[in-house]
Amino acid sequence: MEKTLVILKPCTVQRGLMGEIINRFERKGLRLAGMKMVWLSDETLSEHYAHLKEKSFFQRVKDAMRTCPVVICCWEGLEAIRVVREMAGKTNGRNAAPGTIRGDYSMSVQENIVHASDSPETAEIELKRFFDESEIYDYPLNNLWSFYANDEI
């Protein structure tokens, strides 16, 4: 099973949408393998958004991510990275399709509800950045058969 990182951004926390977003991933059939609320440091955000360092909006993004705590999640499932990205929708909420998380809850490119890892390599790096090994849990889902065919798992 593939693991991916999802961050419920400050706009999600402030709007009280955490449960709704988590519920969408659970209803899809993804397994929550780790979750915690943290107040991100400038150092962690500089590392996380290093690929945006030369962009004019770099500091704005970091400032927005520090307005309140965020909820960090590790989701697991077959093709979890692709599935989560498709569920999230396009980065700019105004361009995201209805039915996606951003399409249903966002009108912004920045205040766009979730961050989701974009590749297996990124997911591995990001999960290590935000979780200790002991914070990711492996436990049986007794209803896994109702989400996957028996030859998929």
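Residues numbered from 1 in each chain as written. Predicted model: local features only at pLDDT ≥ 70, side-chain atom pairs only at ≥ 80, totals over all residues. Heavy atoms only, no water.

S.K.: If you had to explain the environment of Val83 to someone new, which residues and values would you point to?
M.R.: Along the chain, Val83 turns up in helix H5 (residues 80–88). When the C-alpha positions of Val83 and Thr4 are compared, they lie 9.8 Å apart, and in sequence the two are 79 residues distant. When near neighbours in sequence (up to four residues on either side) are disregarded, Val83 contacts Lys28, Leu30 and Leu78. (Helix = DSSP H or I, 4+ residues; strand = E, 2+ residues; numbered from the N terminus. Contact = heavy atoms within 4.5 Å.)

S.K.: I'd like a rundown of the pattern of salt bridges, residues and numbers included.
M.R.: Evaluated as defined, the whole model comprises 10 salt bridges. Lys36 is paired through a salt bridge with Glu135; the nearest N and O atoms lie 2.9 Å apart. Taken together, the residues Lys36 in strand S2 (residues 31–38) and Glu135 in the segment after helix H7 (120–130) connect sequence positions 99 residues apart. Residue Lys36 is classed as partly exposed on the basis of its relative accessible area, which comes to 23%. Exposure remark for Glu135: the relative accessible area of 24% places this residue in the partly exposed category. Residues Lys62 and Asp42 are paired through a salt bridge, measuring 3.0 Å at the closest nitrogen-oxygen approach. Placement of Lys62 in helix H4 (residues 58–65) and of Asp42 in helix H3 (residues 42–48) is noted, with a sequence separation of 20 residues between them. On the basis of relative accessible area, Lys62 is assigned to the buried category, the value being 4%. According to the relative accessible area criterion, Asp42 is partly exposed, its value standing at 33%. (Salt bridge = Lys/Arg side-chain N within 4 Å of Asp/Glu carboxyl O. Buried < 20%, exposed > 50% of the residue type's maximum accessible area, 1.4 Å probe, protein only.)

S.K.: Break down the packing of helix H2 (residues 18–28) against H5 for me, citing the residues and quoting the values.
M.R.: It is at 12 Å that the axes of H2 and H5 come closest, and there the two elements cross at 130°. Relative to H5, the element H2 lies oblique. Considering how the two elements wind past one another, H2 and H5 form a crossing that is right-handed. Here Arg24, Phe25 and Lys28 of H2 lie close against H5, whose contacting residues are Val83, Val84 and Met87. Of the residues that constitute the contact of H2 with H5, the class distribution is 4 nonpolar, no polar and 2 charged. (Axes fitted to C-alpha atoms, helices over the stretch in contact; angles between N-to-C directions. Parallel < 35°, antiparallel > 145°, perpendicular 65-115°, else oblique. Left-handed = near helix turned anticlockwise from the far one by under 90°. Nonpolar A, V, L, I, M, F, W, Y, C, P; charged D, E, K, R; others polar.)

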